[in-house]
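Report on the structure
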Amino acid sequence: RPSGVASKGDIREQVWEHLEASGLAEFPRPVHGRIPNFKGSFQACCSIRDMEVFSRAREVKVDPDKPLEGARLAALQARKTLLVPTPRLRTGLFNRIVPPPGATKEILRRCATSQGVKQYSVPVGLDGKAQVDLVVVGSVAVSEKGWRIGKGEGYADMEYAMMVSMGAVQEDTPVVTIVHDCQVLDIAEELLDDHDLTVDYILTPTRTIQTNCKRPKPQGIMWHKVSSEMLGKIPILKTLRSREKQDVTLQDEHPAWANTNRAAVSNKKVIAANTQPQAAPGSAPVGQPPVESDPVNPTFEGSDTITTVYVGNLPAGLRVSELKSALRELQVIPVRLNWQGAQHRAFLDYRDKGTAHRAVSSLQGLSLGGNALRVELAKSQRSKG
């Protein structure tokens, strides 16, 4: 750090000191060591209702900090799905807040408190198919350029990185923070790390600031920065790590998918294999990409009823299990999946043309890991690379 530049720690201390000394600090106190609650936090939260990104959002993730209570309430009152990370991520990642049917204003208010979050929530697992449209985080300090300083434990950055690796947020998912005006400061860009989360909007009791921050948000979990202490404290991290290390086919998966992972290994052999283009009546010429021989189904190889769908623009970090869960959710499970992750593509084989066409229309433009997929009926020459 260049001399003369205050460290993140210095900036935190200054903000906490100032809030306490100026009488702006609110319960829970002292605010030191926390995402501080401040006078006017509820008012600042209320302005989220006027934001277009809030109106459009269906699922909103709001951190459990006290100053964000008003944002949690606004989401519940607008009948949005509210996701709240479990404190310190001790038991999973999110809880979904489910108010009882016919909840009164009072009960909704209670659901927005930390006690209510415990009482009225159901856990969302890693396969909980969360699609977060808006992220609301607390901050200790933030700059008008969108640089953010949290309380120093790295949980907000980690939650965001975990959401990226679950496919729950995309690159353009807006991030909002809610602070007192005195927490909006100049922050030197050299203090930022590549795992630091930046923000797109800042709400204070007096204004709404759009940061137009161009710095890319974290692209997923940076394992080289995860200490073994953090792995010990956050059990769900272990789960994510073992998933990212090897893409084990789950036991309960579609039986025809048992061998998809071999496709990655036998890529070279597969691409070189000879392919026979063929035209199905009334459809564009369809090429059958090479498939591995399938001992379970010897007639498959030369079967002329197979329609193959090409899926391209797969992001570099995407795992086969994420594509599979998307296919399962859209109910377009292929009889064979030929995964070519290194080439950012996959081929899906369907026995009936209807399902293949449905797969093309439901997958086209679907965003996985921040990339919009390119999907079309496969052309024979495509499989030759």
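Placed above this text is the structure.
Residues numbered from 1 in each chain as written. Predicted model: local features only at pLDDT ≥ 70, side-chain atom pairs only at ≥ 80, totals over all residues. Heavy atoms only, no water.

**Points about the layout of surface pockets**
Approximately 1100 Å³ is the volume found for the largest pocket. Together, 49 residues line the largest pocket, and Ile35, Asp65, Lys151, Glu153 and Tyr155 are the ones closest to its centre. Looking at the lining of the largest pocket element by element, the count peaks at 6 residues for helix H7 (residues 155-166). Per-class residue counts for the lining of the largest pocket are 18 nonpolar, 13 polar and 18 charged. (1 Å grid on protein atoms, 1.4 Å probe; cavity = no way out; pocket = protein on both sides within 12 Å on 5 of 7 lines; lining within 4 Å. Points joined across faces, edges and corners; volume = space filled by probe spheres on them. Helix = DSSP H or I, 4+ residues; strand = E, 2+ residues; numbered from the N terminus. Nonpolar A, V, L, I, M, F, W, Y, C, P; charged D, E, K, R; others polar.)

**Here's the deal with the pairing of strand S13 (residues 307-312)**
Of all the 6 residues making up S13, 6 are buried; the element is thus mostly covered by neighbouring parts of the structure. Neither face of S13 is exposed, since Thr307, Val309 and Val311 on one face and Thr308, Tyr310 and Gly312 on the opposite face are all buried. Examined bridge by bridge, S13 and strand S15 (residues 345-350) share 5 bridges and lie antiparallel to one another. Among the inter-strand pairings, tyrosine 310 is bridged to a residue of S15, identified as phenylalanine 347. In this structure, S13 lies alongside strand S18 (residues 374-377), joined through 4 bridges in antiparallel fashion. Bridged to valine 311 within S18 is valine 375. (Buried < 20%, exposed > 50% of the residue type's maximum accessible area, 1.4 Å probe, protein only. Pairing = 2+ DSSP bridges.)

**Points about the sheet that holds strand S14 (residues 336-340)**
Pairing is antiparallel across the open sheet formed by 4 strands, whose spatial order is S14-S15-S13-S18. Each edge of the sheet is formed by a strand with only one pairing partner; in this case those strands are S14 and S18. Neighbouring strand axes in the sheet, compared pairwise and without regard to direction, differ in orientation by 15° on average. Across the face of the sheet, helix H12 (residues 320-330) comes into contact with S14 and S15 while running at roughly 145° to S14. Set on the sheet, helix H13 (residues 353-363) makes contact with S13, S15 and S18; between it and S18 the angle comes to about 155°. (Axes fitted to C-alpha atoms, helices over the stretch in contact; angles between N-to-C directions. Contact = heavy atoms within 4.5 Å.)

**Remarks on unusual backbone geometry**
Note that the residue after phenylalanine 27, namely proline 28, is joined by a cis bond; omega there is 0°. Looking at the element boundaries, proline 28 is found in the loop between helix H1 (8-21) and helix H2 (41-46). A cis amide bond links arginine 29 with the next residue in sequence, proline 30, at an omega value of -5°. The phi dihedral of asparagine 212 is positive, around 50°, even though this residue is not glycine. Residue placement: asparagine 212 occurs in the loop between strand S10 (208-210) and helix H8 (228-233). In this model, histidine 344 sits at a positive phi of 60°, which is unusual for a non-glycine residue. Here histidine 344 shows up in the loop between S14 and S15.

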